[in-house]
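For reference, the chains in residue letters:
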Amino acid sequence: MHEYPQAVADDVATKAVTIELDGRKTTVAYAVGDTLLQTARIAGLRAPSSCEIGSCGTCMARLTEGGARMINNDALDDDEVAQGWVLTCQSLPTTRTVRVVYE
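Residues numbered from 1 in each chain as written. Predicted model: local features only at pLDDT ≥ 70, side-chain atom pairs only at ≥ 80, totals over all residues. Heavy atoms only, no water.

### Thoughts on the overall build of the protein
A tally of regular secondary structure across the protein gives three helices and seven strands. What you see in the protein, going N to C, is helices and strands ordered as α-β-β-α-β-β-α-β-β-β. In the protein, which comprises 103 residues, the share counted as buried stands at 37%. Considering only contacts in the protein between residues 6 or more positions apart, those separated by 24 or more positions represent 55%. Accessible surface, the protein: about 6,300 Å² in total, of which carbon and sulfur atoms supply 48%. (Helix = DSSP H or I, 4+ residues; strand = E, 2+ residues; numbered from the N terminus. Buried < 20%, exposed > 50% of the residue type's maximum accessible area, 1.4 Å probe, protein only. Contact = heavy atoms within 4.5 Å. Areas by Shrake-Rupley, 256 points an atom, 1.4 Å probe, with all protein chains shown as cover.)

Next comes the structure, spelled out in structure tokens:
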């Protein structure tokens, strides 16, 4: 049996999220547990949203850098997800840096 060292939380913890909205790029320090939508709001951005439960798709944005895990997705189909679309109200970053673009 092989033993592998556990990753130190700081090695994979998200440090910053860059959000492109209305032609502006804003980089925000990330607070653990916040969704991408919450992160945008904390930065003072007026990101689109409606239901906030992953059902309507109003908050969808394209993930252009890094990774994110959606807690719930009742709005996007598999092709959209494969193209990098996420529901920001349901997305938690999974990489050190993340960039999303609201188109």
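### Thoughts on unusual backbone geometry
At Asp 22, a position not held by glycine, the phi torsion is positive, near 55 degrees. Tracing the backbone through its elements, the reader meets Asp 22 in the loop between strand S1 (16-21) and strand S2 (24-29). Residue Glu 52 is not a glycine yet carries a positive backbone phi of 60 degrees. When you line up the elements, Glu 52 lands in the loop between helix H2 (36-42) and strand S3 (60-65).

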